[in-house]
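Close look at the chain arrangement
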Amino acid sequence: MTAQLTEKRPGAPARQAPPGGTRTGRTARRTGTWTPWLYLLPALAVIGGLLVYPVYQLGLISFLEYTQAQVSGGEPTSFRGFGNYTTLFADPQFRQVLLATVLFAAACVVTTLAVGCALAVLLTRVRALPRLALMLAALGAWATPAVTGSTVWVFLFDPDFGPVNRLLGLGDHSWTYGRYSAFALVLLEVVWCSFPFVMVTVYAGIKAIPSEVLEAAALDGASQWRIWRSVMAPVLRPILVVVTIQSIIWDFKVFTQIYVMTNGGGIAGQNLVLNVYAYQKAFASSQYSLGSAIGVVMLLILLAVTLVYLRLLRRQGEEL
């Protein structure tokens, strides 16, 4: 009897699923949509507390008249709108520091990438023991705190006690007295502590390239430079994009090396970069609103670089 009831009658129309799928399927899809956000919720809460609120306060102060008088309560805080930004961009020193920061960061990024990529290729050519020694030395430089590394470099190039002047026979030449020599000295220190990241990352990418491809290029008579330019670089393009953008962000906001090695920005501020300039405005001159405005300008510049980075990554993903 039960079998007769459950048996489908001949010619009876089959039951169709309701539009949009079953209720269970819709619930599963809705749950699957929110599941990643639930996992990200703790991290987003931490980022909101440590990043969003400080950025909000930074932007708020940049629109106010906020100096030592307002901090001490001697004068009321007033709203200036874009007055701080107008004052900032009208200042010739700010434009000079901005240009110097862009050029210095560009020189650091290019040199870091060149040194890091060259040493990454070298790691693939040497034996295990020299490769291990180079890796340990590079990671030691990478792990050294910025203050410690800057102090060591200042001692190495000290005009009285530094060994570099003695080896080069320069006497009491001061590397931090001239503007360009001081920037060059800081650039060397920045590259010294930054190239290991590029070297290790690019080396890992090179090791992922099939050896048959490199051997075929060598058998065809390609030089090492041609192999790098025509074979390795196109394959390593996503990795090179990552290390380039991260190097730009790191080098654009250099503070410790400039502050320690040039004693706060050099003679008469000749070696100022935006981070040190903002520090001087905010804490040395007690112009907290101008210092905040400089911070907002740096944030917008780095945000633009980050958006370009994300767009390039997305484009690379679509091409792959």
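Let us look at the structure shown here.

Scoring rules and cut-offs
All chains use their own residue numbering, which begins from 1 and follows the written sequence. With the structure being a predicted model, the display of local features is reserved for residues of pLDDT at least 70 and the display and counting of side-chain atom pairs for 80 or more, all residues being used for whole-chain, interface and lining totals. For the side-chain quantities, the full set of heavy atoms in the structure was used; hydrogens and water were omitted. Every helix listed is a DSSP run of H or I at least four residues long, and every strand listed is a run of E at least two residues long, numbered separately from the N terminus. Only protein chains enter the area calculation, which uses a 1.4 Å probe; residues under 20% of their type maximum are buried, those over 50% are exposed, and those in between are partly exposed. Contacts: residue pairs with any heavy atoms within 4.5 Å of one another. The rule is simple: put a 1 Å grid over the protein atoms alone, call a set of points where a 1.4 Å probe fits but cannot get out a cavity, call an open set with protein on both sides within 12 Å along at least five of seven lines a pocket, and count a residue as lining if it has an atom within 4 Å of a point. Grid points are joined across faces, edges and corners, and a volume is the space filled by probe spheres set on the points. Under the scheme applied here, ten amino acids are nonpolar (Ala, Val, Leu, Ile, Met, Phe, Trp, Tyr, Cys and Pro), four are charged (Asp, Glu, Lys and Arg), and all others, including Gly, are polar. Residues enter a patch when their relative accessible area is above 30% and they make no salt bridge; the linking distance is 9 Å between like charges and 5 Å between nonpolar side chains (Val, Leu, Ile, Met, Phe, Trp, Tyr). The Shrake-Rupley method, run with a 1.4 Å probe sphere, supplies the accessible areas, and residue values consider only the shown protein chains as cover. A side-chain nitrogen of Lys or Arg and a carboxyl oxygen of Asp or Glu constitute a salt bridge if their distance falls within 4 Å. Helix span, expected: 1.5 Å multiplied by one less than the number of residues in the helix. What the arc describes is the spread of directions from the helix axis to the C-beta atoms. Planes of paired rings set the category: under 30 degrees apart is stacked, over 60 is edge-to-face and the rest tilted, where pairs are Phe, Tyr or Trp rings (Trp by its six-membered ring) whose centres lie within 6.5 Å.

Remarks on the overall build of the chain
When its secondary structure is counted, the chain shows 15 helices and two strands. Looking at the chain as a whole, 32% of its 320 residues qualify as buried. Restricting to contacts in the chain with at least 6 residues of sequence separation, those with at least 24 account for 66%.

Quick look at the side chain of threonine 112
Residue placement: threonine 112 occurs in helix H5 (residues 92–123). Filtering out sequence-adjacent residues up to four positions away, threonine 112 remains in contact with Val191, Ser194, Phe195, Val198 and Asp251.

Looking at unusual backbone geometry
A positive phi is found at asparagine 263, a non-glycine position, where the angle reads about 55 degrees. Its location among the elements puts asparagine 263 in the loop between helix H13 (256–261) and helix H14 (274–284). Residue asparagine 263 is classed as exposed on the basis of its relative accessible area, which comes to 71%. In this structure, alanine 268 is a non-glycine residue whose phi angle is positive, near 55 degrees. Relative to the assigned elements, alanine 268 resides in the loop between H13 and H14.

Notes on the layout of surface pockets
Its volume calculated, the largest pocket comes out at about 250 Å³. Around the largest pocket, the lining is made up of 14 residues, and of these Ala146, Cys193, Ser194, Trp250 and Gln257 lie nearest the centre. Elements that contribute at least two residues to the lining of the largest pocket include exactly helix H9 (179–207), helix H12 (237–252) and H13. Counting residues per element, the lining of the largest pocket draws most heavily on H9, at three residues. Its residues assigned to classes, the lining of the largest pocket comprises eight nonpolar, four polar and two charged. In this structure, the second largest pocket encloses a volume near 200 Å³.

Details of a nonpolar patch on the surface
A grouping of Trp34, Trp37, Leu38, Leu40, Leu44, Ile47, Leu51, Val52, Val55 and Leu299 is seen on the molecular surface, where their side chains present a nonpolar patch of about 1,000 Å² in accessible area. When residues in the nonpolar patch are grouped by element, the largest group, nine residues, is from helix H2 (residues 23–62). Along the chain, the position of valine 55 falls in helix H2.

Comments concerning the side chain of threonine 101
Among the structural elements, threonine 101 can be located in helix H5. For threonine 101, the residues in contact, after removing those within four places along its chain, are Phe252, Val273 and Leu274.

Points about helix H6 (residues 128–143)
Here H6 contains 16 residues, and its C-alpha end-to-end distance of 22 Å stays within 8% of the 22 Å for a straight helix at 1.5 Å per residue. What H6 keeps buried is the set Met135, Ala138 and Ala141. End-on view of H6: buried residues confined to an arc of 125 degrees, all on one side of the axis. Summarising the geometry of H6, the exposed residues directed more than 90 degrees from the buried face are Ala128, Leu129, Leu136, Ala137 and Ala143. Residues of H6 that are buried make contact with H5 and H9.

Focus: the packing of aromatic side chains
If you walk through the whole model with that rule in mind, you get 19 aromatic pairs. The structure contains a cluster of three or more aromatic residues connected by ring pairs, namely Tyr66, Phe255, Tyr259, Tyr279, Phe283 and Tyr288.

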